[in-house]
Amino acid sequence: MFRTTLKAFAVIGGLLAALPSPAGAAGDEIHLPPVRFSFDGVFGTYDRASAQRGFQVYKEVCAACHAMRLISYRNLRELGLTEQQVAAIASQVQIQDGPNDEGQMFERPGRPSDRFRSPFPNDAAARAANNNSLPPDLSVITKARAGGAAYIYALMTGYSEPPAGVTVAEGMNYNQYFPGHQIAMAPPLNPDQVQFADGTPATVENMARDVATFLQWAAEPELEQRRGMGVKIILFLTVLAGLAYAVKRKIWADAH
Amino acid sequence: MAIGLHNSDMKNPVVRWIDQRMPIFTMMQKEYGSFPTPRNFNYFWNFGALAMVNLMIMIATGIFLAMHYTPHTTLAFDSVERIMRDVNFGWLMRYVHANGASMFFIVVYIHIWRGMYYGSYKAPRELLWMLGVVIFLLMMATAFMGYVLPWGQMSFWGATVITNLFSAFPVVGQWIVSLLWGGFSVDNPTLNRFFSLHYLLPFVIVGVVFLHIVALHITGSNNPLGIEPKGPQDTLPFHPYYTAKDSFGLVIYFIVFAVLVFFAPNYLGHPDNYIPANPLVTPAHIVPEWYFLPYYAILRAVPDKLGGVLLMFGSILVWFVLPWLDRSPVRSMRFRPLARIAFLLWTVAFLVLLYCGGKPAEEPFVTISRIATAYYFAYFLVILPLLGRLERPLPLPESISRAVLRGGGPLPAGAAAKPMEKA
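All values derive from a computational prediction rather than experimental measurement.

Procedures and definitions
Per-chain numbering applies: the sequence of each chain, read as written, is numbered from 1 onward. Written order decides the labels, with chains lettered from A and ligands numbered from 1. Predicted model: local features are reported for residues with pLDDT of at least 70 only, side-chain atom pairs are reported and counted for 80 or more only, and whole-chain, interface and lining totals are derived from all residues. Heavy atoms throughout the structure, all of them, feed into the side-chain values; hydrogens and water do not. In the cavity and pocket records, a cavity denotes points on a 1 Å grid over the protein atoms alone where a 1.4 Å probe fits but cannot get out, a pocket denotes an open set with protein on both sides within 12 Å along at least 5 of 7 lines, and lining residues are residues with an atom within 4 Å of a point. Grid points are joined across faces, edges and corners, and a volume is the space filled by probe spheres set on the points. Numbering of helices and strands runs from the N terminus, with a helix taken as a DSSP run of H or I at least four residues long and a strand as a DSSP run of E at least two residues long. These domain boundaries are the output of an automatic or database domain assignment. Here, residues are in contact when the closest pair of their heavy atoms is within 4.5 Å. The salt bridge criterion pairs a side-chain nitrogen of Lys or Arg with a carboxyl oxygen of Asp or Glu, the two atoms within 4 Å. For the purposes of these results, a polar contact is taken to be a pair of N or O atoms within 3.5 Å, where, inside protein, one atom must be able to donate a hydrogen and its partner to accept one; residues adjacent in sequence count only when each atom of the pair is a side-chain atom. Under the scheme applied here, ten amino acids are nonpolar (Ala, Val, Leu, Ile, Met, Phe, Trp, Tyr, Cys and Pro), four are charged (Asp, Glu, Lys and Arg), and all others, including Gly, are polar. UniProt positions are given in the numbering used here, feature names are shortened, and annotations may be inferred rather than shown by experiment. To sort residues, take the accessible area from a 1.4 Å probe on protein chains only and compare it with the maximum for the residue type: under 20% means buried, over 50% means exposed, and anything in between is partly exposed. How sure the predictor is of each residue is captured by pLDDT, a score from 0 to 100.

Visitor: Can you walk me through empty space enclosed by the protein in this structure?
Guide: Empty pockets left among the atoms are what a rolling probe the size of a water molecule brings to light. Residue and element names in this part refer to chain B. Under the definition given, this model contains 6 cavities of 30 Å³ or more. Every residue lining the largest cavity is counted, 41 residues in all, and those nearest its centre are His97, Ala98, Gly146, Tyr147 and His198. Among the elements of the structure, α3 (47-68), α4 (76-85), α5 (90-117), α6 (126-148) and α9 (188-219) are those that each provide at least two residues to the lining of the largest cavity. Ranked by the residues each element gives to the lining of the largest cavity, the list is headed by α5, at 9 residues.

Visitor: What exactly am I supposed to notice about the domain arrangement of chain A here?
Guide: Bring the parts together and some accessible area is lost; that lost area is often taken as the interface size. Residue and element names in this part refer to chain A. Its domain assignment divides chain A into domain 1 (1-18 + 224-256) and domain 2 (20-71 + 115-219). Taken together, the contacts link 4 residues of domain 1 with 10 residues of domain 2. Note that glutamate 224 and arginine 48 form a salt bridge whose closest N and O atoms lie 2.8 Å from each other. Counting across the interface, domain 1 meets domain 2 through 5 residue pairs in polar contact (both at pLDDT 80 or more). A total of 3 residues in the side of domain 1 that touches domain 2 trace back to one element, the largest contributor, which is helix α8 (residues 223-252). Looking at the side of domain 1 that touches domain 2, its residues break down into 2 nonpolar, no polar and 2 charged.

Visitor: It is not clear to me how the UniProt feature "domain: Cytochrome b/b6 C-terminal region profile" (unreviewed entry) in chain B should be interpreted in this structure. Could you clarify?
Guide: Sites flagged by UniProt as "domain: Cytochrome b/b6 C-terminal region profile" (unreviewed entry) map to residues 228-398 of chain B. Between the C-alpha atoms that bound residues 228-398 of chain B there is a distance of 10 Å. The span itself is 58% helix and 2% strand.

Visitor: Help me understand the pattern of salt bridges, please; the structure alone is not making it clear to me.
Guide: Pairing between side chains becomes possible if they bear opposite charge and their charged atoms approach one another. Residue and element names in this part refer to chain A. One pass over the full model with this rule turns up 22 salt bridges over all chains. For the salt bridge of arginine 53 with aspartate 210, the shortest nitrogen-to-oxygen distance reads 2.7 Å. Separated by 157 residues along the polypeptide, arginine 53 in helix α3 (residues 48-60) and aspartate 210 in helix α7 (residues 204-219) bring together distant segments of the chain. Using a relative accessible area of 14% as the deciding quantity, one classes arginine 53 as buried. Overall, aspartate 210 belongs to the buried group, its relative accessible area being 2%. Among the ionic contacts, a cluster of salt bridges with common partners joins Asp97, Arg108, Arg111 and Asp114.

Visitor: Got a minute to help me understand the UniProt feature "binding site: a ubiquinone" (unreviewed entry) in chain B in this structure?
Guide: Residue and element names in this part refer to chain B. UniProt records the feature "binding site: a ubiquinone" (unreviewed entry) at His217, using the numbering of this structure. Inspection of the secondary structure assignment puts histidine 217 in helix α9. Judged by its relative accessible area of 16%, histidine 217 falls in the buried class.

Visitor: Help me understand the confidence of the model for chain A in this model?
Guide: Any region with low pLDDT has predicted coordinates that should not be read closely. Residues and elements named next belong to chain A. On average, residues of chain A carry a pLDDT of 89, and 89% of them reach 70 or more. Here helix α2 (residues 22-25) is the element of chain A with the lowest mean pLDDT, 41, and α8 is the one with the highest, 97. Scored below 50 in pLDDT, residues 15-27 shows 28 contacts in the model against residues more than four places distant or in partner chains.

Visitor: Sorry, what's going on with the side chain of serine 8 of chain B here?
Guide: Residue and element names in this part refer to chain B. Within the fold, serine 8 resides in the segment before α1 (13-21). Residue classification places serine 8 among the buried positions, given a relative accessible area of 11%. In this structure the side chain of serine 8 is engaged in a polar contact, spanning 3.1 Å, whose partner is the backbone nitrogen of methionine 10. Here aspartate 19 takes part through its side chain, which lies 2.6 Å from a polar atom of the side chain of serine 8. In this structure serine 8 touches Arg16, Asp19, Gln20 and Thr26, once residues within four positions along its chain are discounted.

As structure tokens, then:
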């Protein structure tokens, strides 16, 4: 009886193993450099300090071109910022609101409940300001790219001179990890571009890791809750499986 | 049966009062309590019950998701992300629903595989089998339309590619495509009707599942030996024996499900579906969800569009006539040495097609897909009909109880049919 169970699960395992991974489906063979994150593995969690630094990198560098329209300022509380800090960050931007009682649109300082203000009013404006390339919204970017946060890190650190024989088109830049290797975005991170309050040296690698951590959090804010719940549920189910098997054995004892 | 109150055995007076007027308690007792079930099921016979549970999970989570989802091209993607971020446990509902679709197909593929291996499609269970194929087709339609709803890049381009297949049919093709689209391209009317149908079809599935179970309870279940029970010594009451066995299988199924939902919720998805749909940007490789990859591989293995479409649909429609293609009187492959090998090779061909469907349409995958497609159909159309005549099956056991009971003898007639204490 148990042999057949094992067989059944071998079939499930076989099915799962046979599935092409989404990354494989993309076809383009690009090997990302090894990088470790605090949220790797089954029990990983977000390094709050790193994610806060990553937010600073986003705010001071990426936000010039990239929107994050699904994230609200209030969400930053989850990264350990206080209510006052969040309110202060939100109030630094002007948000268009309205219409008011006179039917006029007006500008007001941002509130924690506002979504991150987008740098451009629409995609056409974003293209017009970026050599006809559209800087993608970064709200779910780590879920939207094969490799996730590791791909973001690779992209941030992957700029170089094109190898001999490769010509890069006008206005494009060579990046060894970008599909096709020609990316419109100029190298976004330069050493000491931002000044971290906690004294972390602002190397390109550090900033890349921090911003990848921040973007991973933005894409999957539920990750810690999800994994915590998963551990409890699987432990519970494992015990329940043992009990269910014991009950089954006892009931079947007289039937063999 | 005479008109008048049903003669109820129920002890509880309230239950008896209801049962006399509407004997649902008697029916449940007959169909799920004392229902005589072959005593030799292995764990492959869990998967029907698992599929039933999975369907219920999909409907339950789907109803809650629909409360928060907005079926409009400009709002759908954001409303899904709102479910993920702002709805209480919305991420859980959505990941259970999305991975539940994958679990449903895993469970149902194993269920179908079991039916093919043990010959469950053969007389007298042909209609039971055909209703199962209908359920599978409805599942495919439901899953396809569900994948369109988040309105990501793969939603949009998958919908475009798959609906365009119908244009291959002569005369009516373009008309069908316009009807599916509700216009002249995949757009808001498409999303609206897919949402409506995605909500409707699961209830149609429930209806056909009911018929599937009705048919099952007329013929009774097949079993790993593929021989009919000859008396009470060959069967056990469904409860508590198979309720207990199904419960164990159910918990194992939940563990696999939980690993996916909590630790790899996007493993079976495609990253491009987290990019909002854009009709002006075509993804580098358009691939359907993993459970459609075998048919996608068959489609792409054929150089002719109409031929590919016909072969793709034919790959499942051929299941309908399987009971008449396989004329061997022996059901279980355990006693069919040649058919067993041929079927295991068919399983390999199916998995190879699944793998190739996820790869770009280039060599060597096209050639491999063609070989696997050829074998897929050869198994049904050539090998099985021939083996029905040529194969010499192994001797069948005299009865289930003689084959599976310790000591080989039938139990005293009363022992197996012992009345069960149950609520």
